[in-house]
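What follows is each chain in one-letter form.
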Amino acid sequence: INAAHENNVRILGTFITEFDNGQKICNDLFENLDQAIDKLVFLTLYYKFDGWLINIENKVEDITKLKYFVSELNNRLKAIDKDLYKIIWYDSVI
């Protein structure tokens, strides 16, 4: 991470879920979205990520919660530094 930053390269954390196990992870995650988002923001700051790649490749039961997850993570990071943090959402769900 430090070497990338020294060379002006962004480092994104990756949040990926896939298949049946990914669906279970998403269901669990979406039960307490704000807590999950808080944890990702914490990890962003702790590891000095420049944002996240969100890659969910499994069935999602509630698309509204998925949209909230991506939007609110983006909002919270932009509140810290609107120019630094980027969220990339690879959408294979909707």
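Residues numbered from 1 in each chain as written. Predicted model: local features only at pLDDT ≥ 70, side-chain atom pairs only at ≥ 80, totals over all residues. Heavy atoms only, no water.

Attention shifts here to the overall build of the protein. Within the protein, the regular secondary structure consists of four helices and three strands. The order of α-helices and β-strands along the protein, N terminus first, is α-β-α-α-β-α-β. Relative to its length of 94 residues, the protein is compact, with a C-alpha radius of gyration of 14 Å against a globular reference of 12 Å. By its C-alpha atoms, the protein is 40 × 25 × 20 Å across when sized along the principal axes. Relative to its full complement of 94 residues, the protein shows a buried share of 34%. The contacts in the protein between residues at least 6 apart in sequence include a share of 79% that link residues at least 24 apart. (Helix = DSSP H or I, 4+ residues; strand = E, 2+ residues; numbered from the N terminus. Rg over C-alpha atoms; globule rule 2.2 N^0.38 Å. Buried < 20%, exposed > 50% of the residue type's maximum accessible area, 1.4 Å probe, protein only. Contact = heavy atoms within 4.5 Å.)

The next subject is the pairing of strand β3 (residues 86–91). Direction of pairing for strand β2 (residues 51–57) relative to β3: parallel, over a ladder of six bridges. The partner of Ile-56 across the bridge, within β3, is Asp-91. (Pairing = 2+ DSSP bridges.)

Okay, the confidence of the model for the protein next. Averaged over all residues, the pLDDT of the protein equals 96, while 100% of them reach at least 70. The element-level mean pLDDT for the protein is lowest in β3, coming to 93, with helix α3 (residues 33–47) highest at 98. (pLDDT = per-residue confidence, 0-100.)

With that settled, the discussion passes to unusual backbone geometry. The backbone of Asn-8 sits at a positive phi, close to 55°, despite the residue not being glycine. The phi torsion at Lys-48 lies on the positive side, around 60°, for a residue other than glycine.

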